[in-house]
Amino acid sequence: MMTRLILVAVLALPGSLGESAWDKVPAKWNLADVSRILLDSPWSPAGAKLEREFTSRHTDPQTGMVTDAPVNANDANPVPGIQISRSKPLPKVPVIWWSSKTVRLAKQRLRQLSNPSLTGEPLHADELPDYVLVIEGSESLRILQDTKEDLHDTVFLELTSGTTLDLESVRLFEGTVPEEPRIEFHFPREVDGRATLDPESERIVFHCKASAKIPRPGHDNSLALRAEFKPRAMRVHGVPDL
């Protein structure tokens, strides 16, 4: 039901792009407003899933250089590699800045719009103690809940300064009837008493790589994505909302 509602609202998005939905009162958000916040806003940039394929590169016995040119296999030293293929459209992986109050209010409002009996309930979102980013979807949950890698090594935030913010913890949510399954990535707001993120920074890039420990035939069994956020735009009525 939720998915159908969002798909219907997406068709209405072009007519609502002239104003910021998030600057309206949450109780007044319509389906197009909610869909824009969750699908096309500073808190939900498009996540690109990158396809990974092993290459057949090797070391040229004469030059010593790594190449993918044809060569006699008996005279070459194979070099394992990973190639990113963009030869065909790849599915998008939703990445959402979950600790934003705007996002969580939009989720609540979506439930109200899908169930009119909830319309009278107040909308409320507390500030979370961590910065939390979320990847939604059952397939992503399947890959990330049991990975070959230690996610503390492959999931991080790249900051404008060139430094990185390490992952603090991961939490899994199996999903309910009104909510999709999701994986929460928690990052600290402070380290040694100092703020970890600057709301005035130009960009923050979320990196995530993982592969399922037990592959499922006929399914994608790995994720390799980056999602770029622009903190300066993540504001409501001029106030940062991270």
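Along each chain, numbering runs from 1 in the same order as the chain's sequence is written. For a predicted model such as this one, the threshold for reporting local features is a pLDDT of at least 70, and the threshold for listing and counting side-chain atom pairs is 80 or more; totals across whole chains, interfaces and linings nevertheless cover every residue. Water and hydrogen atoms play no part in the side-chain values, which are based on all heavy atoms of the structure.

Peer 1: How should the overall build of the protein chain be read in this particular structure?
Peer 2: Numbering of helices and strands runs from the N terminus; a helix is a DSSP stretch of H or I covering at least four residues, while a strand is a stretch of E covering at least two. Along the protein chain, the regular secondary structure elements total five helices and 18 strands. Shrake-Rupley sampling with a 1.4 Å probe provides the accessible areas, and residues are treated as covered by the protein chains on show and by no other component. Just so you have it, the protein chain exposes about 13,800 Å², and 53% of that area is on carbon and sulfur atoms.

Peer 1: What exactly am I supposed to notice about unusual backbone geometry here?
Peer 2: One can expect most non-glycine residues to show negative phi and most peptide bonds to be in trans. Despite not being glycine, Asp192 has its phi angle at roughly 55°, a positive value. Take Asp192: it is sitting in the loop between β13 (190–191) and β14 (194–195). For every residue, the accessible area obtained with a 1.4 Å probe (protein chains only) is divided by the maximum for its type, and the residue is called buried under 20%, exposed over 50%, and partly exposed between those limits. Residue class for Asp192 comes out exposed when judged on its relative accessible area of 73%. Phi is positive for His237, close to 55°, though the residue is something other than glycine.

Peer 1: Would you explain the packing of helix α2 (residues 31–39) against helix α3 (residues 101–114) in this entry?
Peer 2: When two helices pack together, their arrangement is given by the angle between their axes and by how far apart the axes lie. Where α2 meets α3, the closest approach of the two axes is 9 Å, and the angle between their N-to-C directions is 140°. Crossing hand, α2 versus α3: left-handed. Taking contact as the criterion, the partners of Leu31, Val34, Ile37 and Leu38 in α2 are, on α3, Thr102, Val103, Ala106, Lys107, Arg109, Leu110 and Leu113. Each residue gets one of three labels, nonpolar for Ala, Val, Leu, Ile, Met, Phe, Trp, Tyr, Cys and Pro, charged for Asp, Glu, Lys and Arg, and polar for the others, Gly among them. Per-class residue counts for the contact of α2 with α3 are eight nonpolar, one polar and two charged. Convention adopted: a line fitted to C-alpha atoms gives each axis, helices being fitted over their contacting stretch, and angles between N-to-C directions are expressed from 0 to 180 degrees. Whether a crossing is left-handed or right-handed is set by the direction in which the near helix is turned from the far one by less than a right angle, anticlockwise for left-handed and clockwise for right-handed. Any two residues whose heavy atoms approach within 4.5 Å at even a single point are treated as in contact.

Peer 1: Even after reading the chapter, I still don't get the sheet that holds strand β12 (residues 182–188), so can you show me in this structure?
Peer 2: Hydrogen bonding along the main chain pairs the strands of a sheet, whether they run parallel or antiparallel. By definition, two strands form a pair when at least two bridges between them are found by DSSP. On the basis of which strands lie adjacent, the open sheet formed by four strands has the order β7-β8-β12-β11 and antiparallel pairing. Every other strand in the sheet has two partners, leaving β7 (95–97) and β11 (169–173) as the edge strands with one partner each. Going across the sheet, the axis of each strand differs from the next one's by a mean of 25°, ignoring polarity. In the sheet, β11 pairs with β12 via five bridges, with the strands oriented antiparallel. Considered in β12, the bridge of Arg171 is made with Glu184.

Peer 1: Help me understand the environment of Pro94, please; the structure alone is not making it clear to me.
Peer 2: Position of Pro94 relative to the elements: it lies in the loop between β6 (82–85) and β7. If sequence neighbours within four positions are ignored, Pro94 has contacts with Val134, Ile135 and Glu136.

Peer 1: Hey, could you run me through the pattern of salt bridges in this one?
Peer 2: Pairing of side chains with opposite charge becomes possible as their charged atoms draw close. For salt bridges, the criterion is a side-chain nitrogen of Lys or Arg within 4 Å of an Asp or Glu carboxyl oxygen. As enumerated under the stated definition, the model contains 11 salt bridges in all. Across the pair Arg216 and Glu139 runs a salt bridge, and its minimum N-O distance is 3.7 Å. Of the two residues, Arg216 is situated in the loop between β15 (204–211) and β16 (222–229) and Glu139 in helix α4 (residues 138–144); the sequence distance between them amounts to 77 residues. Among the ionic contacts, a cluster of salt bridges with common partners joins Glu139, Arg142 and Arg216.

Peer 1: Help me understand the packing of aromatic side chains in this model?
Peer 2: The description of an aromatic ring pair rests on the distance of the ring centres and on the angle between the ring planes. Two rings from Phe, Tyr or Trp (for Trp, the six-membered ring) form a pair when their centres are within 6.5 Å of each other. A pair whose planes differ by under 30 degrees is stacked, one over 60 is edge-to-face, and the rest are tilted. A full pass over the atoms with the stated rule returns four aromatic pairs. Here Trp22 and Trp43 contribute two aromatic rings whose centre-to-centre distance is 5.4 Å and whose plane-to-plane angle is 85°, an arrangement assigned as edge-to-face. On the criterion of sequence distance, the pair formed by Trp22 in the loop between α1 (2–10) and α2 and Trp43 in the loop between α2 and β1 (48–49) is long-range, its members being 21 residues apart. Trp22 gets classed as buried once you look at its relative accessible area, which sits at 9%. Trp43 gets classed as buried once you look at its relative accessible area, which sits at 0%. With 5.1 Å between their ring centres and 75° between their planes, Trp97 and Phe229 make a pair best called edge-to-face. With a gap of 132 residues between them, Trp97 in strand β7 and Phe229 in strand β16 connect regions that are remote in the sequence. In this pair, the class of Trp97 matches that of Phe229, namely buried. An aromatic cluster is built from Trp97, Tyr131 and Phe229, whose rings are joined through pairwise contacts. Positioned above the aromatic ring of Phe173, the side-chain terminus of Arg182 is 4.3 Å from the ring centre. Only when the NZ of Lys or the CZ of Arg is both within 6 Å of the ring centre and within 35 degrees of the ring normal is a charge said to sit over the ring.

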